[in-house]
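# Residue-level structure breakdown
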Amino acid sequence: MRTVLITGANKGIGREVARQLAAKGFHVFVGARNAKAGRNAAEEIARKCGRATFLEIDVADNDSVIRAARAFSEIEDHLDVLVNNAGIIVDGDNAILEISDDLLRNTLETNTLGPLRVTHVFTPLLRKSKAPRVINVSSGGGQLTGGADGWAPAYCISKTALNGGTVQLAAALPKFAVNSVCPGWVRTDMGGENASRSVEEGADTIVWLAAEAPQEVTGKFLRDRKEIPW
């Protein structure tokens, strides 16, 4: 049975990815910092779709990530797929010349350093997989091509930096498939009810990369299963 850890999987895109991968036969680890919400999500996915286990993890806390890896190791001896999905937009992230250092720092801590931290700690378990994969959930807001439009600058900067981390990880882990994904504007708590895409549409490329994409696809930025510019 293939294993997958999805951070921020108690709701939104992460939860939908967990649901679909459980239905495809993965042992899904539902990563969340909110224990109650994460446990409820894992229990519901297990009832309806397949095998799911809650894993408490706060990607912004190094000690929490280390504890999560130890807890994971007590259940499974390898990790096939890591989906770095957890992310935040902080209230007040409105204008680049007005945001505070703390707002930018907090955003980077979760959205950029978080995925790098989790990947680093879980790499020994990923190395035990025959086809290890790391999927970083990014955003078109992080693209440098075409220029920024001023929306949520700290969030967008954090995703630009995450994409840089994806390229570096792909170079450092040549036997891994490491990619960034833009899920599009999705109807979640973050995206809002007016977003143009469903969670199923937002999850599609992530699920494809986790379960079906060729292992040689690495170091790419993708949307709708196709490469897009950085």
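Look a little higher up for the structure.
Residues numbered from 1 in each chain as written. Predicted model: local features only at pLDDT ≥ 70, side-chain atom pairs only at ≥ 80, totals over all residues. Heavy atoms only, no water.

Regarding its fold elements, the protein presents six helices and eight strands. Each helix (α) and strand (β) of the protein, taken in turn from the N terminus, gives the series β-α-β-α-β-α-β-α-β-α-β-α-β-β. What you see for the protein is a C-alpha radius of gyration of 16 Å, in line with the 17 Å of a compact globule of 230 residues. Overall, the protein is about 50 × 35 × 35 Å in size when its C-alpha atoms are taken along their principal axes. With 230 residues in all, the protein has 51% of them scored as buried. The long-range fraction of contacts in the protein, counting pairs at least 24 apart against all pairs at least 6 apart in sequence, stands at 70%. In the structure as shown, the protein presents an accessible area of about 10900 Å², 49% of it carried by carbon and sulfur atoms. (Helix = DSSP H or I, 4+ residues; strand = E, 2+ residues; numbered from the N terminus. Rg over C-alpha atoms; globule rule 2.2 N^0.38 Å. Buried < 20%, exposed > 50% of the residue type's maximum accessible area, 1.4 Å probe, protein only. Contact = heavy atoms within 4.5 Å. Areas by Shrake-Rupley, 256 points an atom, 1.4 Å probe, with all protein chains shown as cover.)

Summarising burial for strand S3 (residues 52-56): four of the five residues are buried, a large majority. Here strand S2 (residues 27-32) runs beside S3; their pairing, made up of five bridges, is parallel. Opposite Ala32, over in S3, you have Glu56 as the bridge partner. For the crossover that starts at S2, traverses helix H2 (residues 35-48) and ends in the parallel S3, the hand is right-handed. (Pairing = 2+ DSSP bridges. Right-handed = clockwise from strand over helix to strand, strands pointing away.)

We now examine the environment of Ala195. Within the secondary structure, Ala195 sits in the loop between strand S6 (177-181) and helix H6 (199-211). Counting along the chain gives 22 residues from Ala195 to Val217, while the straight-line C-alpha distance between them is 29 Å.

Moving on to the environment of Thr53. Note that Thr53 resides in strand S3. Beyond its immediate chain neighbours, meaning those up to four positions away, Thr53 contacts His27, Val28, Phe29, Val30, Ala42 and Ile75.

Structurally, Asn136 can be placed in strand S5 (residues 133-137). Look past the residues within four positions of Asn136 in its chain and what remains in contact with it is Asn84, Pro115, Leu162, Thr166, Leu169, Asn179, Ser180 and Val181.

Glancing now at the sheet that holds S6. Judged by pairing direction, the sheet is mixed, and its eight strands sit side by side in the order S3-S2-S1-S4-S5-S6-S7-S8 without closing on themselves. Both edges of this open sheet fall to S3 and strand S8 (226-227), since each of them pairs with a single strand only. In the packing of H2 onto the sheet, contacts are made with S2 and S3, and the angle to S3 comes to roughly 170°. (Axes fitted to C-alpha atoms, helices over the stretch in contact; angles between N-to-C directions.)

A positive phi angle is found at Ala152, which is not glycine, with a value near 40°. Looking at the element boundaries, Ala152 is found in the loop between S5 and helix H5 (153-172). Backbone geometry at Arg225 places phi at a positive 65°, although glycine is not the residue there. In this structure Arg225 comes out as partly exposed when scored by relative accessible area, which is 37%.

Attention shifts here to the state of the cysteines. The final tally for this structure, using the stated rule, is zero disulfides. Looking at the unpaired Cys156, the closest cysteine sulfur is the one in Cys182, lying at 11 Å. (Disulfide = S-S within 2.5 Å.)

Under the counting rule described, the total for this entry stands at four aromatic pairs. Between the aromatic rings of Phe29 and Phe72, the centroid separation amounts to 4.3 Å while the plane-to-plane angle is 40°, which identifies the pairing as tilted. One end of the pair, Phe29, is in strand S2; the other, Phe72, is in helix H3 (residues 62-73), with 43 residues separating them in the sequence. Given a relative accessible area of 0%, Phe29 falls into the buried group. Considering the side-chain rings of Phe72 and Phe122, the 6.0 Å spacing of their centres and the 90° angle between planes classify their relative orientation as edge-to-face. With Phe72 in helix H3 and Phe122 in helix H4 (residues 101-126), the pair connects residues that are 50 residues apart, well separated along the chain. Accessibility assignment for this pair places Phe72 and Phe122 in one class, buried. Linked through ring pairs, Phe29, Phe72 and Phe122 together constitute an aromatic cluster. (Phe/Tyr/Trp six-rings, centres within 6.5 Å; stacked < 30°, edge-to-face > 60°.)

Function cannot be inferred from these measures alone, as they are strictly geometric.
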